[in-house]
Amino acid sequence: MVQAKPTVRNTKKRIVVEKTFCEFFAGIGLVREGLLASGWSCIYANDISAKKQAMYESHFEGATHFHLGDVWKMEEVVERIIGRPFLATASFPCIDLSLAGHYRGFGGEHSSSFFGFVNVLQALGDRRPPLVMLENVTGFLTSRDGGDFAQAAKTLAGLGYWIDALVLDAKNFVPQSRPRVFLIGVADGLHPPGAVRQTPGQWIPDLWKSKVAASNSVRSSKLIRLMEKVELATGWIALDVPSPPVLKTQLADLADLDDQQEWWNTEEVQRHYAMMSERHKKHVDDLLAEGGRHVGAIFRRGRNHQQRAEVRFDGLAGCLRTPRGGSAKQIIIFVDKGRLRMRWMSAREYARLQGAENFPLDGDKMQLLFGFGDAVCVPVIRWIDAQVLTPIFNKAAAIVQGGSLSSSPRKERRKARVDEVG
Ligand SMILES: C[S@@+](CC[C@H](N)C(=O)[O-])C[C@H]1O[C@@H](n2cnc3c(N)ncnc32)[C@H](O)[C@@H]1O
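Residues numbered from 1 in each chain as written. Predicted model: local features only at pLDDT ≥ 70, side-chain atom pairs only at ≥ 80, totals over all residues. Heavy atoms only, no water.

Draft legend 1. Examining the packing of aromatic side chains more closely. Applying the stated criterion across every chain yields a total of 22 aromatic pairs. Geometrically, the ring pair formed by F92 and F106 is tilted, given 6.0 Å between the ring centres and 45 degrees between the ring planes. Here F92 is found in the loop between strand 5 (87–90) and helix 4 (114–124), whereas its partner F106 is found in the loop between strand 5 and helix 4, with 14 residues between them in sequence. The class for F92 is buried, based on a relative accessible area of 3%. With a relative accessible area of 8%, F106 lands in the buried category. Relative to F140, the ring of F106 has its centre 6.2 Å away and its plane inclined at 65 degrees; by these criteria the two rings are edge-to-face. On the criterion of sequence distance, the pair formed by F106 in the loop between strand 5 and helix 4 and F140 in the loop between strand 6 (131–137) and helix 5 (147–158) is long-range, its members being 34 residues apart. For the pair shown, F106 and F140 are each scored as buried. (Phe/Tyr/Trp six-rings, centres within 6.5 Å; stacked < 30°, edge-to-face > 60°. Helix = DSSP H or I, 4+ residues; strand = E, 2+ residues; numbered from the N terminus. Buried < 20%, exposed > 50% of the residue type's maximum accessible area, 1.4 Å probe, protein only.)

Structure follows, in C-alpha coordinates:
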(Lines give C-alpha, C1' and ligand atoms only; values in the text may rest on other atoms or scores of the structure.)
Protein backbone atom coordinates (compact mmCIF):
# COMPACT_ATOMS: atom_id res chain seq x y z
CA MET A 1 0.00 0.00 0.00
CA VAL A 2 1.42 3.37 -0.97
CA GLN A 3 0.62 5.91 1.71
CA ALA A 4 1.82 9.33 2.54
CA LYS A 5 0.78 10.56 5.94
CA PRO A 6 0.00 14.23 5.65
CA THR A 7 1.02 14.96 9.19
CA VAL A 8 4.60 15.01 10.37
CA ARG A 9 5.48 13.36 13.57
CA ASN A 10 8.69 13.70 15.39
CA THR A 11 10.02 10.26 14.77
CA LYS A 12 13.35 8.83 13.88
CA LYS A 13 11.72 6.93 11.02
CA ARG A 14 12.17 9.70 8.48
CA ILE A 15 13.15 9.15 4.92
CA VAL A 16 14.58 11.53 2.43
CA VAL A 17 12.42 12.22 -0.61
CA GLU A 18 14.22 13.63 -3.57
CA LYS A 19 12.80 14.98 -6.81
CA THR A 20 13.88 11.85 -8.63
CA PHE A 21 12.19 9.60 -11.14
CA CYS A 22 12.52 6.34 -13.03
CA GLU A 23 11.61 6.26 -16.69
CA PHE A 24 10.24 2.87 -17.81
CA PHE A 25 9.89 2.17 -21.55
CA ALA A 26 12.24 5.14 -21.80
CA GLY A 27 12.84 4.97 -25.56
CA ILE A 28 14.90 7.98 -26.56
CA GLY A 29 14.15 9.75 -23.27
CA LEU A 30 11.62 12.43 -24.15
CA VAL A 31 9.80 12.03 -20.83
CA ARG A 32 13.09 12.86 -19.18
CA GLU A 33 13.55 15.77 -21.57
CA GLY A 34 10.19 17.18 -20.45
CA LEU A 35 10.90 16.77 -16.74
CA LEU A 36 14.43 18.14 -16.60
CA ALA A 37 13.53 21.84 -16.65
CA SER A 38 11.76 21.75 -13.29
CA GLY A 39 14.58 19.93 -11.58
CA TRP A 40 13.57 16.25 -11.77
CA SER A 41 16.56 13.98 -11.77
CA CYS A 42 16.42 10.66 -13.61
CA ILE A 43 17.96 7.86 -11.53
CA TYR A 44 16.99 4.92 -13.72
CA ALA A 45 15.79 4.42 -17.30
CA ASN A 46 14.81 1.13 -18.87
CA ASP A 47 14.16 0.00 -22.42
CA ILE A 48 14.72 -3.15 -24.41
CA SER A 49 15.90 -1.42 -27.59
CA ALA A 50 19.65 -0.94 -28.07
CA LYS A 51 19.00 1.52 -30.91
CA LYS A 52 16.84 3.69 -28.68
CA GLN A 53 19.49 3.48 -25.99
CA ALA A 54 22.06 4.79 -28.47
CA MET A 55 19.80 7.77 -29.26
CA TYR A 56 19.09 8.37 -25.56
CA GLU A 57 22.76 8.37 -24.66
CA SER A 58 23.71 10.57 -27.60
CA HIS A 59 21.42 13.23 -26.15
CA PHE A 60 21.94 12.79 -22.41
CA GLU A 61 25.69 12.73 -22.41
CA GLY A 62 27.22 10.94 -19.47
CA ALA A 63 23.97 9.11 -18.65
CA THR A 64 24.99 5.92 -16.89
CA HIS A 65 21.62 4.89 -15.54
CA PHE A 66 20.13 3.44 -18.75
CA HIS A 67 19.40 -0.23 -18.24
CA LEU A 68 19.09 -2.07 -21.52
CA GLY A 69 16.86 -5.00 -20.62
CA ASP A 70 13.45 -6.55 -20.47
CA VAL A 71 11.11 -5.00 -17.90
CA TRP A 72 9.87 -8.52 -17.14
CA LYS A 73 13.25 -9.32 -15.60
CA MET A 74 12.02 -7.82 -12.39
CA GLU A 75 14.94 -8.73 -10.12
CA GLU A 76 17.48 -7.22 -12.52
CA VAL A 77 15.42 -4.03 -12.70
CA VAL A 78 14.81 -3.67 -8.97
CA GLU A 79 18.48 -4.26 -8.20
CA ARG A 80 19.44 -1.28 -10.36
CA ILE A 81 17.02 1.18 -8.77
CA ILE A 82 18.94 2.81 -5.98
CA GLY A 83 16.96 4.44 -3.18
CA ARG A 84 13.39 5.52 -3.51
CA PRO A 85 12.32 7.44 -6.61
CA PHE A 86 9.47 9.90 -6.13
CA LEU A 87 7.98 9.24 -9.58
CA ALA A 88 7.87 6.35 -12.05
CA THR A 89 6.72 6.95 -15.61
CA ALA A 90 5.70 4.22 -18.05
CA SER A 91 4.99 4.81 -21.76
CA PHE A 92 4.33 1.13 -22.32
CA PRO A 93 4.08 -0.19 -25.92
CA CYS A 94 0.92 0.86 -27.75
CA ILE A 95 0.94 -1.60 -30.60
CA ASP A 96 -1.72 -3.93 -29.14
CA LEU A 97 -3.98 -0.95 -28.37
CA SER A 98 -4.22 -0.09 -32.05
CA LEU A 99 -5.26 -1.56 -35.37
CA ALA A 100 -1.64 -2.59 -36.03
CA GLY A 101 -1.86 -4.99 -33.06
CA HIS A 102 -5.46 -6.04 -33.86
CA TYR A 103 -6.65 -4.37 -30.64
CA ARG A 104 -5.42 -7.35 -28.60
CA GLY A 105 -4.86 -4.97 -25.71
CA PHE A 106 -3.36 -6.53 -22.61
CA GLY A 107 -3.92 -9.88 -24.32
CA GLY A 108 -1.10 -8.97 -26.72
CA GLU A 109 2.57 -9.63 -26.05
CA HIS A 110 3.68 -5.97 -26.32
CA SER A 111 1.18 -3.87 -24.37
CA SER A 112 0.98 -6.50 -21.64
CA SER A 113 4.52 -5.49 -20.65
CA PHE A 114 2.64 -2.94 -18.50
CA PHE A 115 2.40 -5.83 -16.02
CA GLY A 116 6.18 -6.18 -16.03
CA PHE A 117 6.22 -2.59 -14.78
CA VAL A 118 3.57 -3.44 -12.16
CA ASN A 119 5.69 -6.36 -10.93
CA VAL A 120 8.58 -3.94 -10.43
CA LEU A 121 6.36 -1.53 -8.44
CA GLN A 122 5.21 -4.41 -6.31
CA ALA A 123 8.72 -5.69 -5.72
CA LEU A 124 9.98 -2.25 -4.73
CA GLY A 125 7.91 -2.55 -1.53
CA ASP A 126 8.62 0.41 0.73
CA ARG A 127 10.78 1.94 -2.00
CA ARG A 128 7.74 2.20 -4.25
CA PRO A 129 7.38 5.70 -5.73
CA PRO A 130 4.46 7.72 -4.35
CA LEU A 131 3.62 8.96 -7.84
CA VAL A 132 3.23 7.07 -11.14
CA MET A 133 2.27 8.19 -14.62
CA LEU A 134 1.28 5.99 -17.56
CA GLU A 135 1.11 7.32 -21.10
CA ASN A 136 -0.47 5.71 -24.13
CA VAL A 137 -2.59 6.14 -27.25
CA THR A 138 -6.32 6.79 -26.94
CA GLY A 139 -6.92 3.18 -28.00
CA PHE A 140 -6.16 2.51 -24.32
CA LEU A 141 -9.68 3.81 -23.56
CA THR A 142 -11.37 1.51 -26.06
CA SER A 143 -9.27 -1.67 -26.28
CA ARG A 144 -11.23 -4.63 -25.00
CA ASP A 145 -14.16 -2.29 -24.56
CA GLY A 146 -12.38 -0.19 -21.94
CA GLY A 147 -11.37 -3.34 -20.06
CA ASP A 148 -7.62 -2.67 -20.36
CA PHE A 149 -7.92 0.84 -18.99
CA ALA A 150 -10.11 -0.45 -16.14
CA GLN A 151 -7.62 -3.21 -15.40
CA ALA A 152 -4.67 -0.79 -15.33
CA ALA A 153 -6.52 1.62 -13.00
CA LYS A 154 -7.64 -1.20 -10.69
CA THR A 155 -4.16 -2.71 -10.60
CA LEU A 156 -2.55 0.58 -9.57
CA ALA A 157 -5.36 1.27 -7.09
CA GLY A 158 -4.64 -2.17 -5.64
CA LEU A 159 -1.13 -0.92 -4.90
CA GLY A 160 -2.61 2.02 -2.98
CA TYR A 161 -2.67 4.78 -5.59
CA TRP A 162 -5.56 7.19 -6.08
CA ILE A 163 -6.14 7.47 -9.81
CA ASP A 164 -6.82 10.26 -12.28
CA ALA A 165 -6.72 10.25 -16.09
CA LEU A 166 -6.39 12.98 -18.69
CA VAL A 167 -6.46 13.08 -22.46
CA LEU A 168 -4.11 15.67 -23.92
CA ASP A 169 -3.42 16.37 -27.56
CA ALA A 170 0.03 17.53 -28.63
CA LYS A 171 -1.73 19.87 -31.08
CA ASN A 172 -2.21 22.35 -28.20
CA PHE A 173 1.57 22.60 -27.88
CA VAL A 174 3.09 21.85 -31.29
CA PRO A 175 1.56 21.59 -34.79
CA GLN A 176 1.00 17.84 -34.57
CA SER A 177 -2.24 15.98 -33.95
CA ARG A 178 -1.31 13.45 -31.25
CA PRO A 179 -3.95 12.72 -28.59
CA ARG A 180 -2.66 10.68 -25.67
CA VAL A 181 -4.06 9.26 -22.45
CA PHE A 182 -2.21 9.92 -19.20
CA LEU A 183 -3.12 7.86 -16.17
CA ILE A 184 -1.77 9.22 -12.91
CA GLY A 185 -1.54 7.38 -9.60
CA VAL A 186 -0.98 9.36 -6.39
CA ALA A 187 -0.19 8.01 -2.96
CA ASP A 188 -2.75 8.59 -0.25
CA GLY A 189 -2.33 12.01 1.35
CA LEU A 190 -0.32 13.57 -1.45
CA HIS A 191 -3.16 15.12 -3.44
CA PRO A 192 -2.24 18.70 -4.22
CA PRO A 193 -4.38 21.80 -3.60
CA GLY A 194 -7.60 21.88 -5.63
CA ALA A 195 -7.76 18.10 -6.12
CA VAL A 196 -11.04 16.42 -5.28
CA ARG A 197 -11.38 12.80 -4.28
CA GLN A 198 -14.32 10.52 -4.98
CA THR A 199 -16.58 9.79 -2.07
CA PRO A 200 -18.24 6.47 -2.85
CA GLY A 201 -21.73 5.98 -1.49
CA GLN A 202 -22.20 9.61 -0.60
CA TRP A 203 -25.81 10.87 -0.93
CA ILE A 204 -25.03 14.50 -1.66
CA PRO A 205 -23.86 15.33 -5.21
CA ASP A 206 -20.35 14.02 -5.46
CA LEU A 207 -17.83 16.83 -5.79
CA TRP A 208 -15.56 14.58 -7.80
CA LYS A 209 -18.33 14.06 -10.37
CA SER A 210 -18.92 17.76 -10.83
CA LYS A 211 -15.19 18.47 -11.02
CA VAL A 212 -14.55 15.94 -13.80
CA ALA A 213 -17.73 16.95 -15.64
CA ALA A 214 -16.47 20.54 -15.74
CA SER A 215 -13.11 19.53 -17.20
CA ASN A 216 -14.06 18.41 -20.71
CA SER A 217 -10.97 20.01 -22.26
CA VAL A 218 -8.83 17.32 -20.60
CA ARG A 219 -11.33 14.57 -19.78
CA SER A 220 -13.59 13.53 -22.66
CA SER A 221 -17.09 12.28 -21.96
CA LYS A 222 -15.93 8.81 -23.05
CA LEU A 223 -13.18 8.91 -20.44
CA ILE A 224 -15.52 10.18 -17.72
CA ARG A 225 -18.08 7.44 -18.46
CA LEU A 226 -15.32 4.88 -18.18
CA MET A 227 -14.03 6.30 -14.90
CA GLU A 228 -17.53 6.34 -13.43
CA LYS A 229 -18.01 2.68 -14.32
CA VAL A 230 -14.81 1.48 -12.66
CA GLU A 231 -14.75 1.01 -8.93
CA LEU A 232 -11.32 1.28 -7.38
CA ALA A 233 -9.95 -0.04 -4.10
CA THR A 234 -8.83 3.51 -3.34
CA GLY A 235 -10.90 5.81 -5.55
CA TRP A 236 -10.71 8.34 -8.35
CA ILE A 237 -9.18 11.70 -7.74
CA ALA A 238 -9.78 14.76 -9.93
CA LEU A 239 -6.58 16.74 -10.06
CA ASP A 240 -6.99 20.45 -10.63
CA VAL A 241 -5.94 20.91 -14.25
CA PRO A 242 -6.69 23.95 -16.43
CA SER A 243 -7.51 23.87 -20.13
CA PRO A 244 -4.43 23.30 -22.26
CA PRO A 245 -2.98 26.34 -24.06
CA VAL A 246 -4.01 27.47 -27.53
CA LEU A 247 -1.33 26.79 -30.14
CA LYS A 248 0.18 29.79 -31.85
CA THR A 249 2.40 28.03 -34.42
CA GLN A 250 1.62 26.09 -37.56
CA LEU A 251 3.35 23.34 -39.50
CA ALA A 252 4.59 26.01 -41.94
CA ASP A 253 6.51 27.65 -39.07
CA LEU A 254 8.67 24.63 -38.46
CA ALA A 255 8.98 23.04 -41.90
CA ASP A 256 12.12 23.77 -43.91
CA LEU A 257 10.98 25.21 -47.23
CA ASP A 258 14.21 26.23 -48.91
CA ASP A 259 15.73 24.70 -52.03
CA GLN A 260 18.36 22.78 -50.04
CA GLN A 261 15.77 20.20 -49.00
CA GLU A 262 15.43 16.85 -50.77
CA TRP A 263 12.37 17.79 -52.82
CA TRP A 264 11.09 15.03 -55.08
CA ASN A 265 11.24 15.12 -58.86
CA THR A 266 8.11 15.86 -60.88
CA GLU A 267 7.42 12.19 -61.54
CA GLU A 268 7.33 11.33 -57.82
CA VAL A 269 5.18 14.38 -57.06
CA GLN A 270 2.71 13.39 -59.78
CA ARG A 271 2.65 9.77 -58.56
CA HIS A 272 1.57 10.98 -55.11
CA TYR A 273 -0.91 13.47 -56.55
CA ALA A 274 -2.45 10.58 -58.50
CA MET A 275 -2.83 8.63 -55.25
CA MET A 276 -5.14 11.32 -53.79
CA SER A 277 -8.91 11.06 -53.68
CA GLU A 278 -10.80 13.43 -56.00
CA ARG A 279 -11.69 15.63 -53.01
CA HIS A 280 -8.04 15.97 -51.96
CA LYS A 281 -6.91 16.61 -55.55
CA LYS A 282 -9.45 19.42 -55.79
CA HIS A 283 -8.17 20.92 -52.54
CA VAL A 284 -4.60 20.93 -53.92
CA ASP A 285 -5.79 22.31 -57.29
CA ASP A 286 -7.64 25.16 -55.57
CA LEU A 287 -4.55 26.10 -53.56
CA LEU A 288 -2.38 25.98 -56.70
CA ALA A 289 -4.84 28.24 -58.48
CA GLU A 290 -4.87 30.65 -55.54
CA GLY A 291 -1.15 31.21 -55.96
CA GLY A 292 -0.02 31.65 -52.33
CA ARG A 293 2.22 29.49 -50.16
CA HIS A 294 0.59 26.62 -48.28
CA VAL A 295 2.23 23.86 -46.25
CA GLY A 296 0.50 20.60 -45.48
CA ALA A 297 1.19 16.97 -44.64
CA ILE A 298 0.51 13.71 -46.45
CA PHE A 299 0.18 10.20 -45.09
CA ARG A 300 0.08 7.18 -47.38
CA ARG A 301 -2.50 4.66 -46.33
CA GLY A 302 -3.77 1.38 -47.69
CA ARG A 303 -7.49 1.70 -48.52
CA ASN A 304 -9.33 -1.20 -50.20
CA HIS A 305 -6.04 -2.74 -51.39
CA GLN A 306 -5.01 0.62 -52.87
CA GLN A 307 -2.42 3.12 -51.67
CA ARG A 308 -4.00 6.48 -50.93
CA ALA A 309 -2.22 9.78 -50.27
CA GLU A 310 -4.25 11.60 -47.61
CA VAL A 311 -3.61 15.32 -47.46
CA ARG A 312 -4.23 17.84 -44.70
CA PHE A 313 -3.78 21.60 -44.83
CA ASP A 314 -5.13 22.47 -41.38
CA GLY A 315 -1.76 23.73 -40.11
CA LEU A 316 -1.00 20.43 -38.37
CA ALA A 317 1.06 17.37 -39.16
CA GLY A 318 -0.65 14.03 -38.63
CA CYS A 319 0.40 11.90 -35.66
CA LEU A 320 4.02 10.83 -36.14
CA ARG A 321 4.39 7.06 -36.13
CA THR A 322 7.10 4.46 -36.25
CA PRO A 323 7.85 4.02 -39.96
CA ARG A 324 7.38 0.26 -40.13
CA GLY A 325 7.40 -0.69 -43.79
CA GLY A 326 7.77 2.95 -44.88
CA SER A 327 4.07 3.74 -45.33
CA ALA A 328 3.78 5.50 -41.97
CA LYS A 329 6.42 8.07 -42.90
CA GLN A 330 5.01 11.54 -43.22
CA ILE A 331 5.38 13.73 -46.30
CA ILE A 332 5.59 17.53 -46.53
CA ILE A 333 3.45 19.00 -49.31
CA PHE A 334 4.27 22.58 -50.26
CA VAL A 335 2.14 24.60 -52.63
CA ASP A 336 4.64 27.28 -53.55
CA LYS A 337 3.02 30.03 -55.60
CA GLY A 338 1.49 27.73 -58.17
CA ARG A 339 4.21 25.07 -57.95
CA LEU A 340 3.60 21.72 -56.24
CA ARG A 341 6.49 20.34 -54.17
CA MET A 342 6.74 17.24 -51.97
CA ARG A 343 9.34 15.40 -49.95
CA TRP A 344 9.70 13.12 -46.95
CA MET A 345 9.57 14.96 -43.68
CA SER A 346 13.06 15.16 -42.20
CA ALA A 347 14.27 13.83 -38.86
CA ARG A 348 14.84 17.45 -37.81
CA GLU A 349 11.16 18.20 -38.48
CA TYR A 350 10.13 15.07 -36.55
CA ALA A 351 12.25 16.30 -33.63
CA ARG A 352 10.64 19.76 -33.79
CA LEU A 353 7.16 18.25 -33.91
CA GLN A 354 7.97 16.38 -30.70
CA GLY A 355 9.30 19.56 -29.10
CA ALA A 356 12.83 18.12 -29.06
CA GLU A 357 14.53 20.46 -31.52
CA ASN A 358 17.89 20.21 -29.76
CA PHE A 359 18.15 16.45 -30.03
CA PRO A 360 21.31 15.30 -31.88
CA LEU A 361 20.50 13.80 -35.26
CA ASP A 362 23.46 11.57 -35.95
CA GLY A 363 22.91 8.18 -37.44
CA ASP A 364 20.50 6.37 -39.62
CA LYS A 365 17.46 8.45 -40.69
CA MET A 366 14.98 5.57 -40.39
CA GLN A 367 16.17 4.94 -36.85
CA LEU A 368 15.74 8.61 -35.99
CA LEU A 369 12.21 8.64 -37.41
CA PHE A 370 11.49 5.44 -35.50
CA GLY A 371 12.74 6.93 -32.23
CA PHE A 372 10.78 10.18 -32.59
CA GLY A 373 7.64 8.50 -33.98
CA ASP A 374 7.36 6.35 -30.83
CA ALA A 375 8.18 9.09 -28.36
CA VAL A 376 6.19 11.47 -26.17
CA CYS A 377 5.78 15.13 -27.03
CA VAL A 378 8.09 17.10 -24.74
CA PRO A 379 5.94 20.24 -24.10
CA VAL A 380 2.99 18.02 -23.16
CA ILE A 381 5.13 16.37 -20.47
CA ARG A 382 6.37 19.78 -19.35
CA TRP A 383 2.78 20.99 -18.99
CA ILE A 384 1.66 17.91 -17.02
CA ASP A 385 4.69 18.36 -14.83
CA ALA A 386 3.80 21.99 -14.11
CA GLN A 387 0.10 21.23 -13.47
CA VAL A 388 0.30 17.88 -11.73
CA LEU A 389 3.65 16.25 -11.00
CA THR A 390 5.60 19.09 -9.44
CA PRO A 391 2.58 20.26 -7.35
CA ILE A 392 2.36 16.71 -5.95
CA PHE A 393 6.06 16.73 -5.18
CA ASN A 394 5.61 20.13 -3.56
CA LYS A 395 2.80 18.71 -1.46
CA ALA A 396 5.25 16.13 -0.18
CA ALA A 397 7.67 18.96 0.50
CA ALA A 398 4.96 20.86 2.36
CA ILE A 399 4.58 18.01 4.84
CA VAL A 400 8.24 18.11 5.51
CA GLN A 401 9.53 18.80 8.90
CA GLY A 402 12.70 20.86 8.85
CA GLY A 403 12.92 20.19 5.13
CA SER A 404 15.79 21.29 2.98
CA LEU A 405 13.87 21.97 -0.23
CA SER A 406 15.87 24.17 -2.53
CA SER A 407 14.06 27.19 -3.94
CA SER A 408 16.06 26.99 -7.16
CA PRO A 409 13.94 25.34 -9.88
CA ARG A 410 17.06 24.67 -11.94
CA LYS A 411 18.75 22.64 -9.28
CA GLU A 412 18.90 19.01 -10.41
CA ARG A 413 18.31 17.53 -7.03
CA ARG A 414 15.79 18.88 -4.62
CA LYS A 415 15.48 17.28 -1.27
CA ALA A 416 12.65 17.19 1.15
CA ARG A 417 12.27 15.19 4.31
CA VAL A 418 8.88 13.72 4.85
CA ASP A 419 7.64 11.47 7.55
CA GLU A 420 6.92 7.97 6.32
CA VAL A 421 5.86 8.37 2.75
CA GLY A 422 5.30 4.78 1.96
C1 LIG B 1 5.93 3.97 -26.80
S2 LIG B 1 7.61 3.62 -26.69
C3 LIG B 1 8.13 4.72 -25.42
C4 LIG B 1 8.81 5.93 -25.96
C5 LIG B 1 9.40 6.85 -24.96
N6 LIG B 1 8.44 7.37 -24.02
C7 LIG B 1 10.14 8.00 -25.64
O8 LIG B 1 9.86 9.17 -25.34
O9 LIG B 1 10.97 7.72 -26.50
C10 LIG B 1 7.60 2.06 -25.90
C11 LIG B 1 8.97 1.53 -25.59
O12 LIG B 1 8.86 0.30 -24.88
C13 LIG B 1 10.00 -0.49 -25.18
N14 LIG B 1 9.71 -1.88 -24.77
C15 LIG B 1 8.88 -2.75 -25.39
N16 LIG B 1 8.85 -3.91 -24.71
C17 LIG B 1 9.67 -3.78 -23.64
C18 LIG B 1 10.07 -4.64 -22.59
N19 LIG B 1 9.60 -5.87 -22.50
N20 LIG B 1 10.95 -4.17 -21.68
C21 LIG B 1 11.44 -2.92 -21.76
N22 LIG B 1 11.11 -2.06 -22.75
C23 LIG B 1 10.24 -2.48 -23.68
C24 LIG B 1 10.19 -0.27 -26.67
O25 LIG B 1 11.51 -0.53 -27.09
C26 LIG B 1 9.81 1.22 -26.82
O27 LIG B 1 10.94 2.05 -26.83
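Structure shown, so let's carry the discussion forward.
Draft legend 2. Representation of the site of the ligand in the model. Contacts to the ligand come from 19 residues, most closely from I28, D47, K52, D70 and V71. Here an oxygen atom of the ligand sits 3.4 Å away from a polar atom, N or O, in the main chain of A26. I28 has a polar backbone atom sitting 2.9 Å from an oxygen atom of the ligand. A total of 610 Å² of accessible area belongs to the ligand in isolation, and the protein chains cover 90% of it. Counted by class, the shell around the ligand contains 9 nonpolar, 6 polar and 4 charged residues. (Near = heavy atom within 4 Å. Polar contact = N/O pair within 3.5 Å; in protein donor to acceptor, adjacent residues only side chain to side chain. Areas by Shrake-Rupley, 256 points an atom, 1.4 Å probe, with all protein chains shown as cover. Nonpolar A, V, L, I, M, F, W, Y, C, P; charged D, E, K, R; others polar.)

Draft legend 3. Representation of the pairing of strand 5 within the structure. In strand 5, alternate side chains face the same way, and those of L87 and T89 on one face and A88 and A90 on the other are all buried. The sheet contact formed by strand 2 (residues 20–24) and strand 5 spans 4 bridges and is parallel. Paired with F21 across the strands is L87, a residue of strand 5. Where strand 5 meets strand 6, 4 bridges bridge the pair, whose relative direction is parallel. When the bridges of strand 6 are listed, A88 appears paired with V132. (Pairing = 2+ DSSP bridges.)

Draft legend 4. Structural detail: the environment of G158. Along the chain, the position of G158 falls in helix 5. In this structure G158 comes out as exposed when scored by relative accessible area, which is 52%. Distance from G158 to L232, taken between C-alpha atoms, is 7.7 Å for residues 74 residues apart in sequence.

Draft legend 5. Focus on the packing of helix 2 (residues 50–59) against helix 12 (residues 365–373). At their nearest, the axes of helix 2 and helix 12 sit 10 Å apart, and the two run at 85 degrees to each other. Comparing their axes, helix 12 and helix 2 come out roughly perpendicular. Contacts between helix 2 and helix 12 involve K51, K52 and M55 from the former and Q367, L368, F370, G371 and F372 from the latter. Grouping the amino acids of the contact of helix 2 with helix 12 by side-chain chemistry returns 4 nonpolar, 2 polar and 2 charged. (Axes fitted to C-alpha atoms, helices over the stretch in contact; angles between N-to-C directions. Parallel < 35°, antiparallel > 145°, perpendicular 65-115°, else oblique. Contact = heavy atoms within 4.5 Å.)

Draft legend 6. Quick peek at unusual backbone geometry. Even without being a glycine, F25 presents a positive backbone phi close to 55 degrees. Within the secondary structure, F25 sits in the loop between strand 2 and helix 1 (30–36). You can call F25 buried: its relative accessible area is 15%. For D145, which is not glycine, the phi torsion reads 55 degrees and is therefore positive. The topology assignment puts D145 in the loop between strand 6 and helix 5. On the accessibility criterion, D145 (70% relative accessible area) is exposed.

Draft legend 7. The environment of D148, seen in detail. As for its position among the elements, D148 is in helix 5. C-alpha of D148 to C-alpha of S111: the two residues are 37 residues apart in sequence and 9.7 Å apart in space. Other than its neighbours up to four places away in sequence, D148 contacts L97, G105, F106, F140 and S143. Within polar-contact distance, the side chain of D148 engages the side chain of S143 at 2.6 Å.

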